Amino acid sequence: ARHGSPRLAAIVSTIPTGTPLALMIIAWRSSAGGGASTPRQSALIGFAEACLQGTFCNVAFVTAMVLVARRGGGWMAMLAAAYSAWVAIWFLSGFLGLRSPSEGKTDE
């Protein structure tokens, strides 16, 4: 096909490929340190909760892109608004205490 499909590009760009890889790395590193065969549960919980926080940020990112595009903004304006929204939600969720309740805890 000579012209790409915007819908297909959007679907492919949202396939979770990095998350499973990062989960495996977290699991391997957290289990290697203590000599246990299973990863520390707090590491897995912290990772999953941070992923959830990141998902909220990604929703804000995409929402900002849509709003700017609907107002006639170009791709640079879309990205500027999107990254601003992502950062704002990341920090806002931290200030509101929406970050992982398991942060700072240990399994010891």
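All of these numbers come straight from a predicted model, not from anything done at the bench.

Asks: Just checking my understanding: could you explain the overall build of the protein chain for this structure?
Replies: Counting its secondary structure elements, the protein chain contains 4 helices and 0 strands. By residue count, 17% of the 108 residues in the protein chain fall in the buried class. Across the protein chain, the fraction of contacts at a sequence separation of at least 24, relative to all contacts at a separation of at least 6, is 53%. Here the protein chain has roughly 8,200 Å² of accessible surface; of this, 67% comes from carbon and sulfur atoms.

Asks: Please clarify how the packing of aromatic side chains should be interpreted in this entry.
Replies: Ring pairs (aromatic) are described by centroid distance and by the angle formed between their planes. For the structure on display, the rule yields 2 aromatic pairs. Between the aromatic rings of Trp-86 and Trp-90, the centroid separation amounts to 5.5 Å while the plane-to-plane angle is 5°, which identifies the pairing as stacked. Residue Trp-86 and its partner Trp-90 are located together in helix α4 (residues 75-95), separated by 4 residues, close to a single helical turn. A residue is classified by how much of its surface remains accessible, and Trp-86, at 27% relative accessible area, is partly exposed.

Asks: Looking at this structure, how should I read the layout of surface pockets?
Replies: Take a probe with the size of a water molecule and roll it over the atoms, and the empty space left behind shows itself. There is about 470 Å³ of room inside the largest pocket. Looking at the lining of the largest pocket, the elements with two or more residues in it are α2 (18-34) and α3 (41-70). Residue contributions to the lining of the largest pocket peak at 9 residues, all from α3. Partitioned by chemical class, the residues of the lining of the largest pocket number 9 nonpolar, 8 polar and no charged.

Asks: Is there a simple way to explain α4 in this structure?
Replies: Given 3.6 residues to a turn, an α-helix orients residues that are three or four positions apart in the same direction. An ideal rise of 1.5 Å per residue puts 30 Å on 21 residues; α4 measures up with 30 Å between its terminal C-alpha atoms. Taken together, the buried positions of α4 are Ala-82, Ala-85 and Ser-93. Buried residues in α4, looked at end-on, bunch into an arc of 65°, giving them a common side. The outward face of α4, more than 90 degrees from its buried face, is lined by the exposed residues Met-76, Tyr-83 and Phe-95.

Asks: Please clarify how the side chain of Ser-93 should be interpreted in this entry.
Replies: Checked against the element boundaries, Ser-93 lands in helix α4. Taking relative accessible area as the criterion, Ser-93 reaches 7% and is therefore assigned buried. Within the structure, Ser-93 has its side chain in polar contact with the side chain of Gln-53 (distance 2.5 Å).

Asks: How should a nonpolar patch on the surface be read in this particular structure?
Replies: A surface patch of nonpolar side chains, amounting to about 370 Å² of accessible area, comprises Leu-8, Ile-11, Val-12 and Ile-15. By the element assignment, Leu-8 lies in helix α1 (residues 6-13). Taking relative accessible area as the criterion, Leu-8 reaches 53% and is therefore assigned exposed.

How each quantity is defined
By convention here, each chain's residues receive numbers from 1 onward along its written sequence. Per-residue local features of the predicted model are confined to residues with pLDDT of at least 70, and side-chain atom pairs are confined, for both listing and counting, to 80 or more; whole-chain, interface and lining totals are unaffected and use all residues. Note that water and hydrogens are dropped before the side-chain values are worked out from all heavy atoms of the structure. Strands here mean DSSP runs of E at least two residues long; helices mean DSSP runs of H or I at least four residues long; both are numbered from the N terminus. Here's how the labels work: a residue is buried when its accessible area is under 20% of the maximum for its type, exposed when over 50%, partly exposed in between, all with a 1.4 Å probe on protein chains only. Pairs of residues are marked as contacts when any of their non-hydrogen atoms sit within 4.5 Å. The accessible surface values rely on the Shrake-Rupley method and a 1.4 Å probe; as for residues, cover is taken only from the protein chains in view. Two rings from Phe, Tyr or Trp (for Trp, the six-membered ring) form a pair when their centres are within 6.5 Å of each other. A pair whose planes differ by under 30 degrees is stacked, one over 60 is edge-to-face, and the rest are tilted. Throughout, the protein atoms alone are placed on a 1 Å grid, and a set of points is a cavity if a 1.4 Å probe fits but cannot get out or a pocket if it is open with protein on both sides within 12 Å along at least five of seven lines; lining residues have an atom within 4 Å of a point. Grid points are joined across faces, edges and corners, and a volume is the space filled by probe spheres set on the points. Three residue categories are used. Nonpolar comprises Ala, Val, Leu, Ile, Met, Phe, Trp, Tyr, Cys and Pro, charged comprises Asp, Glu, Lys and Arg, and polar comprises the others, including Gly. To estimate the expected span of a helix, subtract one from its residue number and multiply by 1.5 Å. Regarding the arc, it is the one traced by the directions from the helix axis to the C-beta atoms. Pairing of N or O atoms within 3.5 Å defines a polar contact, subject to two protein rules: one partner must be a possible hydrogen donor and the other a possible acceptor, and residues neighboring in sequence count only if both atoms are side-chain atoms. Every patch collects residues that have over 30% relative accessible area and no salt bridge, joining them within 9 Å if they carry like charges and within 5 Å if they are nonpolar side chains (Val, Leu, Ile, Met, Phe, Trp, Tyr). Should a side-chain nitrogen of Lys or Arg be within 4 Å of a carboxyl oxygen of Asp or Glu, the pair is scored as a salt bridge.

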